[in-house]
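In case you want the letters, here they are:
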Amino acid sequence: THCWDLPPQLGGCVPETGSKPFQNAINGKEPGSWHLPLTPNNGGLEPDWTWAGDEGAAKREAVERISANSEAIVAFASRGAGSTGFPRYGALLADPNAVSNESIQPFVDASLKIVALKLLDTDNKSNCDEAMKDLASVFRREGGGELVEQVATSLAYLRD
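Residues numbered from 1 in each chain as written. Predicted model: local features only at pLDDT ≥ 70, side-chain atom pairs only at ≥ 80, totals over all residues. Heavy atoms only, no water.

**Section: the overall build of the chain**
The helix and strand tally for the chain stands at six helices and zero strands. In the chain, the succession of helices and strands from N to C terminus is α-α-α-α-α-α. The buried share of the chain, reckoned over its 160 residues, is 23%. Long-range pairs, those at least 24 residues apart, make up 40% of the contacts in the chain with a sequence separation of at least 6. For the chain, the exposed area adds up to about 11100 Å²; of that, 58% sits on carbon and sulfur atoms. (Helix = DSSP H or I, 4+ residues; strand = E, 2+ residues; numbered from the N terminus. Buried < 20%, exposed > 50% of the residue type's maximum accessible area, 1.4 Å probe, protein only. Contact = heavy atoms within 4.5 Å. Areas by Shrake-Rupley, 256 points an atom, 1.4 Å probe, with all protein chains shown as cover.)

Okay, structure coming up:
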């Protein structure tokens, strides 16, 4: 937890000596840390969650959580293409006053439904990749490149 200390919250902190490999893994700069299939144990940097069950169980639980709370998750994700709150917070992803971009919520919702299907597709027969490409084409046709960028930004906001 000390490889990326939080100076705004703690004040005057500096990274620990030797923390660069951990910072790189967290930031996706370490090979394998943000690419599928994931490297077991994140290349030895952290233990896997063997207590959480197999990969299939984790995917099913993720889909269940997305499905059970989809309205709130879509609204939260759409903050990525929304506006900052007032007063502003230094940590953009933790801004409790951030405003969701309601106009893109149906597009974010459609994208998350395809992601959920992909998570459940154990034998790659559902054509989710093709469905996502088709959806991106619809986004471009309906709202241009700006809509595609806003949806991508919202999904990244949710991921991060």
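Having seen it, we continue.
**Digging into the environment of Lys-113**
By the secondary structure assignment, Lys-113 is in helix α5 (residues 105-120). Remark: the alpha-carbon pair of Lys-113 and Ile-66, spanning 47 residues in sequence, is separated by 8.7 Å.

**Structural notes on the pattern of salt bridges**
Scanning all chains against the criterion turns up five salt bridges. With a closest N to O distance of 3.2 Å, Glu-55 and Lys-59 form a salt bridge. One end of the pair, Glu-55, and the other, Lys-59, are both in helix α3 (residues 55-68), four residues apart, so they sit about a helical turn from each other. The residue Asp-129 makes a salt bridge to Lys-118 at a minimum N-O spacing of 3.3 Å. Here Asp-129, found in helix α6 (residues 128-159), pairs with Lys-118, found in helix α5; they are 11 residues apart in sequence, far enough to count as distant. Asp-129 gets classed as partly exposed once you look at its relative accessible area, which sits at 48%. According to the relative accessible area criterion, Lys-118 is partly exposed, its value standing at 34%. (Salt bridge = Lys/Arg side-chain N within 4 Å of Asp/Glu carboxyl O.)

**Some thoughts on the confidence of the model for the chain**
Per-chain confidence: the chain averages 82 in pLDDT, with 86% of residues scoring 70 or above. Between the elements of the chain, mean pLDDT differs from a low of 55, seen in helix α1 (residues 7-10), to a high of 95, seen in helix α4 (residues 70-77). (pLDDT = per-residue confidence, 0-100.)

**Some details on the packing of α4 against α6**
Between α4 and α6, the shortest axis-to-axis distance is 8 Å and the interhelical angle comes to 110°. With respect to α6, the axis of α4 lies roughly perpendicular. On α6, the residues that touch Ile-73, Phe-76 and Ala-77 of α4 are Ser-154, Tyr-157 and Leu-158. (Axes fitted to C-alpha atoms, helices over the stretch in contact; angles between N-to-C directions. Parallel < 35°, antiparallel > 145°, perpendicular 65-115°, else oblique.)

**Regarding α5**
Here α5 contains 16 residues, and its C-alpha end-to-end distance of 23 Å stays within 8% of the 22 Å for a straight helix at 1.5 Å per residue. Buried residues of α5: Val-108, Ser-111, Leu-112, Ile-114 and Ala-116, and no others. Here the buried face of α5 lies against α3, α4 and α6. (Expected span 1.5 Å × (residues − 1).)

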